Amino acid sequence: MEALHLALFGNPVAHSLSPAIHQAFADQCGLKLDYELILATEENFSEQLEQLRSSGARGCNITVPLKVPAHNIADTLSTAAATAGAANTLVFQQHGVFADNTDGLGWLKDLDRTDTSIKGKSVAIIGAGGAAAGITPVILAQSPDTLVIANRSPEKAADLLRQQLNPNFRSVSLKQLHQPDLPKFDLLVNATSIGHQGKHPELFPELFNPDALLYDLNYGTAAEPLKTWCNNNGIRYRDGLGMLVEQAALAFTLWTGKSPETQAVLSDLRSKLRQKN
Ligand code: NDP
């Protein structure tokens, strides 16, 4: 049987969990897998991508800092990739490269596990990078009452809401998140990478409605600072490991047409990470 050839492009890539996740999916589907990790820069990305494509690979995942270059290089875009202006999945097709962004839908699938609805609720996103760009359209499509995007560079938060005329959809700076005229939140999503610096965004328990959820896109050690803060302040917390598995499953379906079962893969990954720490 010929192996399914896939890869992950990014910088860094060495500690990625994607090879283990896709191996588990391939095992479920009885497929042989060859999953490469390719450390690339914006300068050599297109050359490396062409090399992968001509080697007969089916496609690739894309991570930081190449999601925007991947979007720009593609011949055709899904609506999700076009709206986000960034791609996390490329599919090599006969006549070109198709780009999708499975982060938003993957996030929503994992959010479903927490019984949290968005419709009519008050939602905040902290962060306005590639991941926030992926999930913002998905949140808007669920009709929240309020969406506030707070970011260190507020102009990037404003960019994510640039076509929204609803006055309840606002962009603010991190400091302005604590303004008294903002509502309390039912769902707050941490889409910053501060956790990788061993810190968490400055938050106050008063920002949250009772039974609110804080969904942190980070997982593993990068998730620890905010998880600890939530535990200490009685705020419901979920990390982004489930999102990681779900966005990978959606990519796997794009490459193979098969829909892997994700819960078992997530449980297994969680227990492996627990044993490691
Ligand atoms: P980007 O680099 O595109 O964006 C980083 C964001 O964090 C920006 O909003 C940036 O603000 C903010 N930030 C970084 N450092 C600080 C700081 N010291 N103080 C305040 N704000 C800061 O990253 P991504 O959007 O791609 O990823 C964000 C996080 O989500 C990462 O930790 C990543 O690992 C995780 N992620 C998880 C996924 C999953 O499947 N679970 C999928 C994708 C991402 P500014 O704009 O001002 O620079």
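For the structure, check the block above.
Residues numbered from 1 in each chain as written. Predicted model: local features only at pLDDT ≥ 70, side-chain atom pairs only at ≥ 80, totals over all residues. Heavy atoms only, no water.

A word on the site of the ligand. Taken together, 25 residues lie near the ligand, and Ala 131, Asn 151, Ser 153, Lys 156 and Asn 218 sit nearest. Here an oxygen atom of the ligand sits 3.4 Å away from a polar atom, N or O, in the main chain of Leu 244. For the ligand, the accessible surface in isolation is 930 Å², of which the surrounding protein chains cover 82%. Sorting the residues of the shell around the ligand by element identifies α6 (130–141) and α9 (241–256) as the ones contributing at least two each. Classifying every residue of the shell around the ligand by side-chain character gives 10 nonpolar, 11 polar and 4 charged. (Near = heavy atom within 4 Å. Polar contact = N/O pair within 3.5 Å; in protein donor to acceptor, adjacent residues only side chain to side chain. Areas by Shrake-Rupley, 256 points an atom, 1.4 Å probe, with all protein chains shown as cover. Helix = DSSP H or I, 4+ residues; strand = E, 2+ residues; numbered from the N terminus. Nonpolar A, V, L, I, M, F, W, Y, C, P; charged D, E, K, R; others polar.)

Bringing the packing of helix α5 (residues 103–112) against α6 into the picture now. Between α5 and α6, the shortest axis-to-axis distance is 7 Å and the interhelical angle comes to 60°. Here α5 lies oblique to α6, going by the angle between them. Every pair of crossing elements has a handedness; the one defined by α5 and α6 is right-handed. Mapping the contact onto sequence places Asp 103, Gly 104, Leu 105, Trp 107 and Leu 108 in α5 and Gly 134, Ile 135, Val 138 and Ile 139 in α6. When its residues are assigned to classes, the contact of α5 with α6 shows 6 nonpolar, 2 polar and 1 charged. (Axes fitted to C-alpha atoms, helices over the stretch in contact; angles between N-to-C directions. Parallel < 35°, antiparallel > 145°, perpendicular 65-115°, else oblique. Left-handed = near helix turned anticlockwise from the far one by under 90°. Contact = heavy atoms within 4.5 Å.)

The next thing to look at is the sheet that holds strand β3 (residues 59–62). Within the open sheet, the 6 strands sit side by side as β2-β1-β3-β5-β6-β4. Their pairing is mixed. With partners counted over all chains shown, the strands left at the sheet margins are β2 (33–39) and β4 (76–77), one partner each. The pairing of strand β1 (residues 4–10) with β2 spans 7 bridges and is classified as parallel. Residue pairing in the sheet places Ala 7 in a bridge with Glu 36 of β2. Each of β1, β2 and β3 touches helix α1 (residues 18–28); the most contacted strand, β2, lies at about 165° to it. (Pairing = 2+ DSSP bridges.)

Bringing the pairing of β1 into the picture now. For β1, a buried count of 7 out of 7 residues is recorded, marking the element as mostly surrounded by other parts of the structure. By the alternation rule, side chains of β1 split into Leu 4, Leu 6, Leu 8 and Gly 10 and His 5, Ala 7 and Phe 9, which are all buried. In this view, the connection linking β1 to its parallel neighbour β2 by way of α1 has right-handed handedness. Bridging between β1 and β3 involves 4 bridges; their strand directions are parallel. When the bridges of β3 are listed, Leu 8 appears paired with Asn 61. (Buried < 20%, exposed > 50% of the residue type's maximum accessible area, 1.4 Å probe, protein only. Right-handed = clockwise from strand over helix to strand, strands pointing away.)

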